[in-house]
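Architecture at a glance
Residues per chain, in single letters:
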Amino acid sequence: MALSHSHSLLHPRIDAHLHFWRYSAGDYPWIGADMRALAVDRTPGHLLPQLSACGFTGAIAVQARATVDETRFLLELARRNDWIRGVVGWEDLTCEGLGERLQDWRAEPRLCGWRHQVQDEPDAAAFLGCAAFGRGMALLQRQGWAYDLLVFHHQMEAAAAFCARHDAHWLVLDHLGKPPLAVLVREQAAFGHWQARLGRFAALPHVACKLSGLVTEADWRAGLDGAGRACLLRCLDMALQVFGPQRLMFGSDWPVCLLAAPYATVFELVNGWASSRLSVSEREALWGGTAARCYGLQPQGMT
C-alpha cells in the first residue's frame, strides 16, 4: 500500500539505491549468461507496485553504465516519474572543463550525486589516488555534490584512504563494501579481515553507508540459506557498530537483487533487523532521513 501524502511528508521512505535500464548486451557486458533475470528491460513501471507495497514514497536511481548518456537516461525517467526523487549519475571527473560541465548539470534539479564503478578498475588505489580524479572530487565537494563509492571488500582500504583525503562533503559507501558472504560463512578469519577494513570508516563522519546489494554477495545461484541470512545479519550489526544509526540508509539494489531474492524479501530482511536494533527515530533515518540529508532531497509522496 502507498503511504498517505501527509504521512510521507513527515516520514519520507526512500529506497536509496536501485537501477533502471533498457537492456542490450553491448551496453551491459557485466550481465552474464546466468543472469537471465537482469537481461530484460527494467523500468519504473516494473518497480512501482513493489515500492508502494513496502511503503516507500520515493527512490534514488543510480547509474549502471559509465557514460553521460546514462545520466541523461535516468534524468529523463525522473522527469516522467515524480517519485524518482534523485539521480546518482556518471561524469568524467578527470575531463577538461569539468567546472563548466558541472555548472550545466546544475540545471537538473533531480541530479543529486555521482558515481563510478571503481570496483571494475584494475587498480582501485591508483584510480582513487590519481591527481586529476582528486581535483575533480575536490571540485564536486566544493559545489556540494554527494559521491557514491562502489568497491569490493578487498578495495576498502584504498576507499577509506580516499575518503579521509576528501572530507568536505558527503561520501556514500555502496553495498556495505560488498562483504563476501559466501566466504564469510565458511571462514571466521575472513570475517575478521572484512571487519577490520570496514572499521576504517568509523572515524570518517562524512561517510554514510548503504545497506544494499547484500543478498547477491551470498551464493545467489544456490539461494540465501539460513547460514547466509545469519551472516548477512551479522554484517548489518557490524555496519551499525561502525557507522552508527544516523549514517545508514536502505537500498534494495533492484533489479540486481532479483538474482537472489524478490524485492519484498530484501526489504523484510533489513526491516526485521532494524525493528530489533533501532529506535523509531533511528529507523526513520535508515528508511529515508539519511538519504534525504546526504543527497539534499526534498521528501515527496508517490504520484
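Here is a short report on the structure shown in this document. Each chain carries its own residue numbering, running from 1 in the written order of its sequence. Where totals are concerned, whole chains, interfaces and linings use all residues; where local detail is concerned, this predicted model gives features only for residues with pLDDT of at least 70, and gives and counts side-chain atom pairs only at 80 or more. Values shown for side chains rest on all heavy atoms present in the structure; no hydrogens or waters enter the calculation.

**Brief notes about the environment of A124**
A helix here means a DSSP run of H or I that spans at least four residues, while a strand means a run of E at least two residues long, and both kinds are numbered starting from the N terminus. With respect to the secondary-structure elements, A124 resides in helix α5 (residues 124-129). Considered as a pair, A124 and F152 are 28 residues apart in the sequence and their alpha carbons are 9.4 Å apart. Residues are treated as being in contact if the distance between any of their heavy atoms lies within 4.5 Å. With residues up to four places along the chain from it excluded, the contact list for A124 reads V118 and Q155.

**Topic: the pattern of salt bridges**
What makes a salt bridge here is a side-chain nitrogen of Lys or Arg within 4 Å of a carboxyl oxygen of Asp or Glu, nothing more. Summed over the entire model, instances satisfying the criterion amount to 15 salt bridges. Across the pair D27 and R65 runs a salt bridge whose closest N-O atoms are separated by 3.8 Å. Of this pair, D27 sits in the loop between β1 (14-18) and α2 (44-53) while R65 sits in the loop between β2 (58-62) and α3 (68-80), and the two are 38 residues apart along the sequence. Relative accessibility thresholds used throughout: buried, under 20% of the residue-type maximum; exposed, over 50%; partly exposed, between the two (1.4 Å probe, protein chains only). Classification of R65 by relative accessible area gives buried; the value is 17%. In this structure, R80 engages E76 in a salt bridge whose closest nitrogen and oxygen atoms are separated by 2.9 Å. Here R80 and its partner E76 are both found in helix α3, four residues apart, which amounts to about one turn of the helix.

**Things to note about the sheet that holds β2**
When DSSP locates at least two bridges between a pair of strands, those strands are taken to pair. Across the sheet, which stays open at both edges, the eight strands sit in the order β1-β2-β3-β4-β5-β6-β7-β8 with parallel pairing between neighbours. Single-partner strands in this sheet number two, and they are β1 and β8 (248-250). On average, each strand axis in the sheet is inclined to that of its neighbour by 25°, with strand direction left out of account. Of the strand pairs in this sheet, strand β5 (residues 146-149) and strand β6 (residues 171-173) are connected by three bridges, and their pairing is parallel. Paired with D148 across the strands is V172, a residue of β6. What counts as an axis is a line fitted to C-alpha atoms, over the stretch in contact for a helix, and the angles between N-to-C directions run from 0 to 180 degrees. Contacting β1, β7 (207-211) and β8, helix α11 (residues 263-277) crosses the sheet at an angle of about 150° to β8.

**Looking at the layout of surface pockets**
Each cavity reported here is a set of points on a 1 Å grid over the protein atoms alone in which a 1.4 Å probe fits but cannot get out, each pocket an open set with protein on both sides within 12 Å along at least five of seven lines, and each lining residue one with an atom within 4 Å of a point. Grid points are joined across faces, edges and corners, and a volume is the space filled by probe spheres set on the points. Approximately 570 Å³ is the volume attributed to the largest pocket. What lines the largest pocket is a set of 27 residues, among which W30, Q119, L150, K178 and V256 lie closest to the centre. For this classification, the nonpolar set comprises Ala, Val, Leu, Ile, Met, Phe, Trp, Tyr, Cys and Pro, the charged set comprises Asp, Glu, Lys and Arg, and every other residue, Gly included, is treated as polar. Each residue belonging to the lining of the largest pocket can be placed in one class, and the counts come to eleven nonpolar, nine polar and seven charged. Space inside the second largest pocket adds up to approximately 160 Å³. Along its surface, the second largest pocket is lined by 13 residues, and P109, C112, Y295, G296 and L297 are the ones closest to its centre.

Nothing here speaks to function; it is all geometry.
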